[in-house]
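A closer look at the structure
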Amino acid sequence: MKKENILNNDETTEGTKGTGLFSEGAACMEKMLKKNPDIDAVFCMNDMLAIGAFKYLNSIGKRVPEDISLCGCDNISYLRRPDKKLSTIDFSKIEFGKLCT
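Residues numbered from 1 in each chain as written. Predicted model: local features only at pLDDT ≥ 70, side-chain atom pairs only at ≥ 80, totals over all residues. Heavy atoms only, no water.

Some thoughts on the overall build of the protein chain
Counting its regular elements, the protein chain contains 3 helices and 3 strands. Each helix and strand of the protein chain, ordered N terminal to C terminal, gives the series α-β-α-β-β-α. For the protein chain, the residues scored as buried account for 33% of the 101 residues in total. Residue pairs in contact within the protein chain that sit at least 24 positions apart in sequence constitute 54% of those at least 6 positions apart. In the structure as shown, the protein chain presents an accessible area of about 6700 Å², 55% of it carried by carbon and sulfur atoms. (Helix = DSSP H or I, 4+ residues; strand = E, 2+ residues; numbered from the N terminus. Buried < 20%, exposed > 50% of the residue type's maximum accessible area, 1.4 Å probe, protein only. Contact = heavy atoms within 4.5 Å. Areas by Shrake-Rupley, 256 points an atom, 1.4 Å probe, with all protein chains shown as cover.)

Below is the structure:
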């Protein structure tokens, strides 16, 4: 993986930091596409950022997953609806906590 393809939400466009993960996810997606317009897959560190990225992609006419694959991590209940096209990673937070300790 190329370092320039990793974007931290601390690097989002001015004015979005602290406005909420949806806004930050959208800002990160916008910046990522400016850096690499041909990118075909994005992994977000949580589902809230992924939802923001998804909303941004929809606003510019990009289709998920046809044009770009998008994956989050948390498996929040919002994404369990059949009309949602985001992939997510589901893990047991209890088992993860046990493993960490």
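Following the structure, the description resumes.
Quick notes on a nonpolar patch on the surface
A cluster of nonpolar side chains, namely F43, I89, F91, F96 and L99, defines an oily patch on the protein surface of about 520 Å² accessible area. Structurally, the position occupied by F91 is in the loop between β3 (87–89) and α3 (93–100). (Patch = residues over 30% accessible without salt bridge, like charges linked within 9 Å, V, L, I, M, F, W, Y side chains within 5 Å. Salt bridge = Lys/Arg side-chain N within 4 Å of Asp/Glu carboxyl O.)

A closer look at the sheet that holds strand β1 (residues 41–43)
The strand order across the open sheet formed by 3 strands is β1-β2-β3, and the pairing between neighbours is parallel. Because the sheet does not close on itself, it has two edges, and the strands there are β1 and β3. On average, adjacent strands in this sheet sit at an angle of 20 degrees to one another, irrespective of strand direction. With 3 bridges joining them, β1 and strand β2 (residues 69–73) adopt parallel strand pairing. Note on β2: the bridge partner recorded for A41 is S69. (Pairing = 2+ DSSP bridges. Axes fitted to C-alpha atoms, helices over the stretch in contact; angles between N-to-C directions.)

Topic: the packing of helix α1 (residues 21–35) against helix α2 (residues 47–59)
Where α1 contacts α2, the axes come no closer than 6 Å and their chain directions differ by 55 degrees. Relative to α2, the element α1 is oriented oblique. For the element pair α1 and α2, the recorded crossing hand is right-handed. On the side of α1, the interface is formed by L21, F22, E24, G25, A26, M29, E30 and L33, while α2 contributes M48, L49, I51, G52, A53, Y56 and L57. Partitioning the contact of α1 with α2 into residue classes produces 11 nonpolar, 2 polar and 2 charged. (Parallel < 35°, antiparallel > 145°, perpendicular 65-115°, else oblique. Left-handed = near helix turned anticlockwise from the far one by under 90°. Nonpolar A, V, L, I, M, F, W, Y, C, P; charged D, E, K, R; others polar.)

Description of α1
With 15 residues, α1 extends 21 Å from end C-alpha to end C-alpha; this agrees with the ideal 21 Å at 1.5 Å per step. Among the residues making up α1, those that are buried are E24, G25, A27, C28, M29, M32 and L33. Each element contacted by the buried residues of α1 is listed here: β1 and α2. (Expected span 1.5 Å × (residues − 1).)

Purely geometric stuff here, so don't read any function into it on its own.
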